[in-house]
Amino acid sequence: MATKARVLIRPKEGILDPQGKAVERALPALGFEGVEHVRVGRVVELETDRPDALGELCEKLLANPLIEDYEIEKL
Amino acid sequence: MIWGVLQFPGSCDERDALHACLLAGGEARLVWHEERDLGGLDAIVVPGGFSYGDYLRAGAIARFSPAMEAVAEFAAAGGPVLGICNGFQVLCEAGLLPGALLRNENLRFVCRQVELIAAFGGPETPKSCDRPGESLSIPVKHGEGRYWAPEEMLDEIEARGQVAFRYAPGQNPNGSARDVAGVRNEAGNVLGLMPHPEHAVDELTGSTDGLKIFEGMR
């Protein structure tokens with residue numbers, strides 16, 4: 001039976017995330033003051049027959065381990 | 001001399017690259033991304049564009065194409081490989097070049113002429129880089145061209161002379177670390193850069209400096 005999983009991928013700590021910065025700068029204009037350290041990543045949802053291979057799959061394709069961290073959540 | 005220019009779904013600069021190869025001398029043909037055999041080719045160009053729609057990350061999916069598997073073998077055997085823009089991203093994703101290309105610092109797509117400084121000269125350098133200090137006028141056009149690598153990796157590639165091109169002072173268009181515009185691999189046969197030498201091969205478009213990079217691959 002296929003396992004459902006959700007993979008959260010985001011830029012590594014310390015790498016400038018201009019998308020996050022742009023969102024952060026837009027918020028005060030809407031009245032949302034005091035929001036900091038916004039980071040924009042992406043979520044990949046999938047179903048797999050080989051949940052044991054999820055880590056390898058992330059390392060090889062879903063994330064670039066040089067610049068991104070990932071977290072696997074089995075659903 | 002026979003050049004091969006890769007063509008992925010979403011490539012858009014392969015025709016200009018083909019033209020530049022012909023101007024640099026020899027024959028040239030397109031290599032469809034499903035081709036696995038690069039037999040008879042003497043140099044490979046991985047061109048610019050948006051391979052596979054740049055889905056996931058620029059270059060992330062193209063690196064698994066049959067043609068790229070063949071390019072990895074070609075490079076390992078010492079064959080000269082030039083990656084331009086999206087091609088540079090593909091070569092980094094494939095691990096053939098160090099580092100990664102991130103979204104431009106200001107989030108804007110940049111399209112303009114920049115001055116590049118050739119950064120390295122040495123015995124193992126491709127001739128296209130072996131012009132230290134020389135300035136080349138070549139256009140950039142990209143949204144994800146911010147070269148990045150961890151500090152210690154930057155130190156290493158600088159120490160080994162792998163930084164092939166830097167943006168001239170004040171001209172860094174994307175926030176690239178240490179103004180890096182192009183790098184080569186340790187062996188010196190694989191070169192990648194964000195600017196587009198294939199768009200600078202005719203006086204009609206303002207500069208022929210790009211041709212020097214193609215001529216240096218020969």
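See the structure printed just above.
First things first, this report covers the structure right here in the doc.

**Focus: the overall build of chain B**
So, point 1. Helix and strand counts for chain B come out as 5 helices and 11 strands.
So, point 2. At 15 Å, chain B has a C-alpha radius of gyration in line with the 17 Å of a compact globule built from 218 residues.
So, point 3. Expressed as lengths along the three principal axes of its C-alpha atoms, the size of chain B is roughly 40 × 35 × 35 Å.
So, point 4. Counting over 218 residues, chain B shows a buried share of 54%.
So, point 5. Counting contacts in chain B only where the partners sit at least 6 residues apart, residues at least 24 apart contribute 75% of the total.

**Describing the pairing of strand β9 (residues 163-167) of chain B**
Residues and elements named next belong to chain B.
So, point 1. Buried residues dominate β9, accounting for 5 of its 5 residues.
So, point 2. The pairing of strand β6 (residues 110-118) with β9 spans 3 bridges and is antiparallel. Bridging across to β9, Ala118 finds its partner in Phe165.
So, point 3. Strand direction decides the pairing type here: β9 and strand β10 (residues 180-184), joined by 3 bridges, are antiparallel. Among the inter-strand pairings, Val163 is bridged to a residue of β10, identified as Val183.

**Thoughts on the interface of chain A and chain B**
So, point 1. Between chain A and chain B, the residue contacts involve 9 residues of the former and 10 residues of the latter.
So, point 2. Here the side of chain A that touches chain B takes 3 residues from helix α1 (residues 18-26) of chain A, the largest share from any one element.
So, point 3. Of the residues contributing to the side of chain A that touches chain B, the split by class is 7 nonpolar, 2 polar and no charged.

**Quick look at the sheet that holds strand β1 (residues 2-7) of chain B**
Residue and element names in this part refer to chain B.
So, point 1. Read across the open sheet, the 9 strands follow the order β2-β1-β3-β4-β11-β10-β9-β6-β7; overall the sheet is mixed. Each edge of the sheet is formed by a strand with only one pairing partner; in this case those strands are β2 (27-32) and β7 (135-142). Strand-to-strand twist in this sheet, taken as the mean axis angle between neighbours without regard to direction, amounts to 25 degrees.
So, point 2. Relative to β7, β6 runs antiparallel, the two sharing 8 bridges.

Criteria and cut-off values
- Residues numbered from 1 in each chain as written.
- Chains lettered and ligands numbered in written order.
- Predicted model: local features only at pLDDT ≥ 70, side-chain atom pairs only at ≥ 80, totals over all residues.
- Helix = DSSP H or I, 4+ residues; strand = E, 2+ residues; numbered from the N terminus.
- Rg over C-alpha atoms; globule rule 2.2 N^0.38 Å.
- Buried ≥ 20, exposed ≤ 12 C-beta atoms within 10 Å, placed from the backbone.
- Contact = placed C-beta atoms within 7 Å.
- Pairing = 2+ DSSP bridges.
- Nonpolar A, V, L, I, M, F, W, Y, C, P; charged D, E, K, R; others polar.
- Axes fitted to C-alpha atoms, helices over the stretch in contact; angles between N-to-C directions.

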